[in-house]
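# Structural characterization, general
The chain contents come next:
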Amino acid sequence: MKKAMAHTNETIKIEQSVLDSIQNTIGKFKVETGGILLSKNGVICKFIFDEGGTCSHGAYDPDYKGLNLILKEEEAKGFTYVGSVHSHPRGIQYPSGDWGNNTGDHGAIKANLACNQNLDRYSALIVYSEFDGGPFEIFSYTVFRNNQDIIFEAEIEIINGEIVLFAIRVKANLLQPALKGVLI
Ligand SMILES: [Zn+2]
């Protein structure tokens, strides 16, 4: 399956504490685990680890029921569900494709956009866990509602509270050159 990839200058704004929480859970556990990302005022400021998620057929399988229960509570507090994060085996930094029936990472992203009509974009982070002895790494992607067949690489902008500390590509030195063409 071919996946169209491109790069967007629209960053994903994330608080440092969220990155720390991801590193301390998904970033430590055996692949594939995951969680969801919540935002307030356009900044991802909360991460919820998917305790009930499973890894079946070599892919992360979210606990939709459990997560939706938690989401209901969080949305009442003013948080918005804007994305997800899960780990991949090292070497597979890109989201998987759209395999139909809401499966595959790209398929799940499209399903989330369909279910959350309030979102104009959905962000997906892929993590390499330290579980295998290698470094923690994050690769960040965004799919826009008006252009859903393309997965954009999007740089992470790390926010601490109200202050923008710096905008970097996380672990830029570890990233392979940005893929501008088509990934097979
Ligand atoms: Zn995946």
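The present account deals with the structure reproduced in this document. Keep in mind that this is a model prediction, so the values were computed, not measured.

Looking now at the environment of L67. Among the structural elements, L67 can be located in helix α2 (residues 64-76). Residue L67 is classed as buried on the basis of its C-beta count, with 21 C-beta atoms lying within 10 Å. Taking the C-alpha atoms as reference points, L67 and I48, separated by 19 residues in sequence, lie 8.4 Å from one another.

Where burial is concerned, most of strand β7 (residues 121-128) is hidden: eight out of the eight residues are buried. As judged from the five bridges shared by strand β6 (residues 80-87) and β7, these two strands associate in the parallel manner. Residue pairing in the sheet places H86 in a bridge with I126 of β7. For the segment spanning β6, helix α3 (residues 105-115) and β7, crossover handedness is right-handed.

Of all hydrophobic cores here, the largest spans 32 residues; its most connected members are I14, I22, L37, I44, L125 and V127. Looking at this core element by element, the count peaks at six residues for β7. For L37, the residues in contact, after removing those within four places along its chain, are I44, F47, V82, G83, S84, V85 and S123.

Here we come to the environment of P95. Its location among the elements puts P95 in the loop between β6 and α3. C-beta crowding within 10 Å serves as the criterion here: with 24 such atoms nearby, P95 is assigned to the buried category. As a C-alpha pair, P95 and D105 span 10 residues in sequence and 5.4 Å in three-dimensional space. Those residues within four positions of P95 in sequence are excluded, and the remaining contacts are D105, H106, A124, I126, Y141 and I151.

Among the seven residues that make up strand β2 (residues 34-40), six are buried, leaving the element largely enclosed by the rest of the structure. As paired elements, β2 and β6 share six bridges and run antiparallel to each other. Within β6, the residue paired with I36 across the bridge is S84. Of the pairings in the sheet, the one linking β2 to strand β3 (residues 43-49) comprises six bridges and is antiparallel in character. Across the sheet, L38 pairs through a bridge with K46, a residue of β3. Taking the residues that link successive antiparallel strands as the turn, the β2-β3 hairpin has two residues, and the phi of N41 there is positive, at about 55°.

This part is about α2. For α2, which comprises 13 residues, the first-to-last C-alpha distance of 18 Å matches the rise-based estimate of 18 Å (1.5 Å per residue) to within 8%. Trailing α2 by a residue or two, G78 shows a phi angle of about 100°, which is positive.

Cut-off values and rules
- Residues numbered from 1 in each chain as written.
- Predicted model: local features only at pLDDT ≥ 70, side-chain atom pairs only at ≥ 80, totals over all residues.
- Helix = DSSP H or I, 4+ residues; strand = E, 2+ residues; numbered from the N terminus.
- Buried ≥ 20, exposed ≤ 12 C-beta atoms within 10 Å, placed from the backbone.
- Pairing = 2+ DSSP bridges.
- Right-handed = clockwise from strand over helix to strand, strands pointing away.
- Core = buried A, V, L, I, M, F, W, Y, C linked by C-beta atoms within 7 Å.
- Contact = placed C-beta atoms within 7 Å.
- Expected span 1.5 Å × (residues − 1).

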